[in-house]
Amino acid sequence: AEAAVAAAPKGRIAVIATEGTVRGGAYLRAIKAREANADVVQQPAPLFVALAEEGFTEGAIPELVARTYLDPLLGSGARPECLVLGCTHFPALKSVIARVAGSGIALVDSAATTAASAGNDVANAAANAAAATDELGDKAAAAVDNAAAKTDEMADKEAAATKQEAAEAEASLHNESVAEDKKD
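Report on the accompanying structure. (Residues numbered from 1 in each chain as written. Predicted model: local features only at pLDDT ≥ 70, side-chain atom pairs only at ≥ 80, totals over all residues. Heavy atoms only, no water.)

**Examining the overall build of the chain**
Rule in force here: Numbering of helices and strands runs from the N terminus; a helix is a DSSP stretch of H or I covering at least four residues, while a strand is a stretch of E covering at least two. Burial status follows relative accessibility: with a 1.4 Å probe on protein chains alone, a residue under 20% of its type maximum counts as buried, one over 50% as exposed, and anything between as partly exposed. Should any heavy atoms of two residues lie within 4.5 Å, those residues are counted as being in contact. Only the protein chains shown count as cover for residues, and the accessible areas themselves come from Shrake-Rupley with a 1.4 Å probe.
Helix and strand counts for the chain come out as seven helices and four strands. Residues counted as buried form 25% of the 184 residues belonging to the chain. Sequence-distant contacts, at least 24 apart, represent 73% of the contacts inside the chain between residues at least 6 apart. On the chain, roughly 11,400 Å² of surface is accessible, and the fraction owed to carbon and sulfur atoms is 56%.

Put into C-alpha cells, the structure is as follows:
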C-alpha cells in the first residue's frame with residue numbers, strides 16, 4: 001500500500017487481485033489508511049493465477065485475459081497512475097500486464113514490496129537487538145566491575161581483621177611469655 005501511494009501522487013490507484021482479496025478489501029483499506037483521498041478501483045483477476053501456475057505467461061491467451069481484466073480499469077474515468085499486482089502469482093505475468101496497461105502506469109509488485117518491508121523489519125529488529133545486547137553487555141560489565149570492587153573491599157577488610165587478630169594473638173603470646181618469665 002505504501003508503494004502504491006508513493007507511485008500515485010494524484011491518488012489514482014488500481015488493484016488487481018484474486019476474488020477473495022478484492023472482496024475482503026484489504027488493499028483498499030491499507031491504501032485508504034495511508035491516503036484517505038486516494039481513488040482506488042479494484043478488479044478480481046482469478047484466471048491470472050491459473051495462467052501463472054500453468055506457465056502461460058506470454059502469448060495471445062495471457063494477453064487476451066489481461067485485456068479482459070484491465071480494459072475496464074483503464075478505460076473508466078481517470079487513468080490510474082499505478083496498478084497493484086495484489087497476488088504473488090501476478091508478477092509472473094508482469095510483462096503482459098505492463099504491455100496491456102501501457103506506459104505511464106507504474107506496476108507495484110505487492111510480493112516484492114512486502115518482502116522488502118519484511119526485510120527492513122528484520123534489519124530494524126536486528127539493530128534493536130544489537131543495541132539492547134550492547135546495553136546489557138555494558139550493564140553486565142558494570143555489574144562485574146562492581147562485584148570485583150566489593151570483593152576487593154571485603155578481602156581488604158578480611159585481611160585487616162586477620163592482621164588485627166594475628167597482632168592480638170601475638171600480643172597475648174608475648175604477655176603469656178612475659179608472665180611465665182616472671183614466675184621463674
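**A short note on the nonpolar core**
To keep it simple, the criterion reads: Take the buried Ala, Val, Leu, Ile, Met, Phe, Trp, Tyr and Cys residues and link them wherever side-chain atoms come within 4.5 Å; each set so joined is a nonpolar core.
Within the largest apolar cluster, 23 residues are counted, with the highest numbers of intra-cluster contacts made by Ile16, Phe48, Leu70, Leu83, Phe90 and Ile97. Those residues in contact with Ile97 that sit more than four places away from it in its chain are Ile16, Phe48, Leu70, Leu83, Leu85, Phe90 and Leu107. Residues Ile13, Tyr27, Val40 and Val84 belong to the second largest nonpolar core, which totals 13 residues.

**Here's the deal with the packing of aromatic side chains**
Our working rule: The criterion for an aromatic pair is that two Phe, Tyr or Trp rings (for Trp, the six-membered ring) have centres within 6.5 Å, with stacked assigned to planes under 30 degrees apart, edge-to-face to planes over 60 apart and tilted to the rest.
Within the structure shown, the criterion is met by two aromatic pairs. Considering the side-chain rings of Phe48 and Tyr69, the 5.2 Å spacing of their centres and the 85° angle between planes classify their relative orientation as edge-to-face. With a gap of 21 residues between them, Phe48 in helix α4 (residues 46-54) and Tyr69 in helix α5 (residues 60-75) connect regions that are remote in the sequence. Overall, the relative accessible area of 1% leaves Phe48 in the buried class. When the centroid spacing of 5.3 Å and the interplanar angle of 85° are considered together, the rings of Phe48 and Phe90 count as edge-to-face.

**Focus on the pairing of strand β1 (residues 12-17)**
Operational definition: Two strands qualify as a pair provided that DSSP identifies no fewer than 2 bridges between them.
Most of β1 sits inside the fold, with five of its six residues counted as buried. In this structure, β1 lies alongside strand β2 (residues 39-44), joined through six bridges in parallel fashion. Note that in β2 the partner of Ile13 across the bridge is Val40. Here β1 pairs with strand β3 (residues 82-85) via four bridges, running parallel. Within the sheet, the bridge partner assigned to Ile13 lies in β3 and is Cys82.

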